[in-house]
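Descriptive analysis of the structure
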Amino acid sequence: MSLRPARRLPPPGHWPPPRIMEIRPSSPCHGKVHPGDRLVAIDGMRPLDILDCLQASEARRVTLELRRGEKSVTHRIRKTSGTPLGLVFDEAVFDGVRRCRNRCVFCFVDQLPEGLRPSLYIKDDDYRLSFYYGNFVTLNNLSRDDLERIKRLRLSPLYVSLHSTDPELRGLLMGGDAGAGLAALEELAAEGLELHLQVVVCPGINDGEELRRTLREALEGYAPASLGVVPVGLTRHVGRLPQRLKGHDRGTAREVLAAVREYQALAQERHGRRTFFAADEFYLLAGEGFPPAGDYDDYPQLENGIGMARKFMEEMKEGALACVGHIGSRRGIVTGAAGGRVLNAALDLAGLRGVEVVEVENRLLGESVTVSALLGGADIAAALREAGPASRELLIPDSMLKEGMFIDDMTPAEVERATGYRLLPVAVEGGALLHALLAEEGTD
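In this report, we go over the structure that sits alongside the text. (Residues numbered from 1 in each chain as written. Predicted model: local features only at pLDDT ≥ 70, side-chain atom pairs only at ≥ 80, totals over all residues. Heavy atoms only, no water.)

Attention now goes to the pattern of salt bridges. By the definition in use, this model includes 26 salt bridges. Where D126 meets R128, a salt bridge forms, and the shortest distance between an N and an O atom there is 2.9 Å. Residue R128 is classed as buried on the basis of its relative accessible area of 0%. Residues E187 and R144 are paired through a salt bridge, measuring 2.8 Å at the closest nitrogen-oxygen approach. Linking E187 in helix α5 (residues 179–190) with R144 in helix α3 (residues 144–153), this pair joins segments that are 43 residues apart in sequence. (Salt bridge = Lys/Arg side-chain N within 4 Å of Asp/Glu carboxyl O. Buried < 20%, exposed > 50% of the residue type's maximum accessible area, 1.4 Å probe, protein only. Helix = DSSP H or I, 4+ residues; strand = E, 2+ residues; numbered from the N terminus.)

In C-alpha cells form, the structure reads like this:
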C-alpha cells in the first residue's frame, strides 16, 4: 500500500513537520536519519500522521525529505517490502488534533473551572487518536475521505461514543445533528471492523427503556466487540451546562446494572461473550460487589473505568502470596473517595493490616467527582493537614500526574513542602502497589 498520490506538499508553514525522537534498532534508516530531524515528506507527499509512515512500510524504495536544523536533507531508503521505517515521533498526528464540534449537554470539559492543566480543556474528536490511544470519538465530524481512509486501512479497534441509537435523542444529547455518526458507525460495522462503544447514561434522558433500546439495537445493528455503560460525570460547575442534569444515585445505579445484566445474558446466548459492561462506579453507587474477573471478558474497556477495581483486587490478592509473614507497611496511601473503597477491600484480600489510607474529597471539582486521577494538589495538601497521617511517605496513583503535575499544576514536591509528607507515584497495578508498600522507607 502506498501513500495517496493526490496529496502534494502544502505551502510551507501549513503545519510543522514532525520531529523524529528515536530510530528503532531494526530501522532501515540508521545512518541516514538522526534523532531531532523533522520529516518533511515521504515520496514527495507531506505525512498527516503516523499512518502515512506506516503505509510506507510496503514499499521497497522510499525517499525521505528531512529538515536537519537549517538544512534540507534527502535520503533514499532501500528495504524489503513490509519493513517499517522504524521512526518514533513526538506526536501521533502531525497536522493537528481534530477538535470536537459537538455541543454535548453533559460535556465534562465545559464543567471545568479555569486554571487547570491546559490539556484538560482540549476536546478532540479524532479517529486517529481513537485508533492510537483508545480515545472515544462520535464519528459525527468525519468527512467522506476520513471514512474511506478508515475502511481502506482497516483501522481497528476504534472506540465510539454512541449514547443512543435513536438519531433524534442522540442529537439532543450531542447538541446537533448526530445522524451522520450513526450512519458512519453502520458502515464501519458492515466492514467488520472491531468497534468498542460507550453510552454515557444521563438519568431521565437516555436511561430506562431508552437504554434498553440502545443496547438491543447496538447488539443487532453494530455487532460491537464491547459496549461500556458509564455514568454521567457532573462537577460542582454543572450550572455551566446548557441543560439541567441529574447525577446517579443508588436507585438509578441499580436500574442500570439490571439492564446491563439483561443484555449481557442475551449477548452471551447469541455470541458467546457478554459484550455489555457497566462502569465500576455503578457498583459502588449501588452498594453491590464487583463481578468476578471472568465476567469481564479480558477487560476490553479497562481505561474507561470498567473492571479496573476487580482487576486491581485480583492483582493484590495474587501478589499477597509473596508477602507471607510480612507484618505491615510504614507507608500510607492517598486516593480519592472511590479508590478508598476499592483499596480497603484489596488490602484486606492481601492480608495487609494497618495501612493508612487517606481519602481526599475533591473540593476543586465537587464531592461527586470521586476518581483519584482528578484530584488537585491543593486538595491533597489540605486533606493531609487535616488527617495528619502517621506515615511520612505516602503512595499516590501515577494517574494523578501528567508531566509530573496534578490537574491544578501543583507538583508532589510542592505538596511535600506545604505539608512535610513525601508523595511517591506508583503504577495503578496491584503488584506495583504491594512492592511499593513493602519497600523500605526512604527508598523509591
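What follows covers the sheet that holds strand β4 (residues 71–78). Two orientations exist for strands paired in a sheet by backbone hydrogen bonds: parallel and antiparallel. The strand order β2-β3-β4 describes an open sheet built from three strands, whose pairing is antiparallel. Each edge of the sheet is formed by a strand with only one pairing partner; in this case those strands are β2 (38–42) and β4. Within the sheet, the average angular offset between the axes of one strand and its neighbour, ignoring direction, is 30 degrees. Two elements, strand β3 (residues 61–68) and β4, share eight bridges in a ladder whose sense is antiparallel. Residue pairing across strands places R68 opposite K71, the latter belonging to β4. (Pairing = 2+ DSSP bridges. Axes fitted to C-alpha atoms, helices over the stretch in contact; angles between N-to-C directions.)

Turning our attention to the nonpolar core. Most often, soluble globular proteins keep nonpolar side chains buried together rather than apart. Core analysis: the largest hydrophobic core is formed by 85 residues, its most contacted members being F106, L162, L197, L227 and V229. When residues in this core are grouped by element, the largest group, seven residues, is from helix α7 (residues 250–271). With residues near it in sequence (within four places) discarded, L197 still touches F136, V160, L162, L185, A218, Y222, P224, S226, L227, G228 and Q301. (Core = buried A, V, L, I, M, F, W, Y, C linked by side-chain atoms within 4.5 Å. Contact = heavy atoms within 4.5 Å.)

Let's shift gears to the environment of R274. Counting through the fold element by element, R274 comes out in the loop between α7 and β9 (276–278). Through-space distance from the C-alpha of R274 to that of V109 is 31 Å; in sequence the pair is 165 residues apart. When near neighbours in sequence (up to four residues on either side) are disregarded, R274 contacts Y263, Q264, A267, Q268, G294, D295 and D297. At 3.0 Å, the side chain of R274 forms a polar contact with the side chain of D295. (Polar contact = N/O pair within 3.5 Å; in protein donor to acceptor, adjacent residues only side chain to side chain.)

Among the six residues that make up strand β8 (residues 226–231), six are buried, leaving the element largely enclosed by the rest of the structure. Residues of β8 alternate between two faces, with S226, G228 and V230 on one and L227, V229 and P231 on the opposite face, all of them buried. As for the winding sense of the linkage, the β-α-β connection from strand β7 (residues 195–201) through helix α6 (residues 208–221) to β8 is right-handed. Note on the crossover from β8 through α7 to β9: the handedness is right-handed. (Right-handed = clockwise from strand over helix to strand, strands pointing away.)

Under the defined criterion, the tally for this structure stands at eight aromatic pairs. Aromatic pair F131 and Y132: ring centres 5.7 Å apart, planes at 50 degrees, arrangement tilted. Judged by its relative accessible area of 21%, Y132 is partly exposed. Here the aromatic rings of F136 and Y159 are separated by 5.7 Å at their centres, their planes lie at 85 degrees, and the arrangement is edge-to-face. In this pair, F136 is assigned in the loop between α2 (127–133) and α3 and Y159 in strand β6 (residues 158–161), connecting sequence segments 23 residues apart. On the accessibility criterion, Y159 (16% relative accessible area) is buried. Three or more aromatic residues link up through ring pairs in this structure, and these residues are F131, Y132 and Y133. (Phe/Tyr/Trp six-rings, centres within 6.5 Å; stacked < 30°, edge-to-face > 60°.)

Honestly, that's just the spatial picture; any functional story needs more than this.
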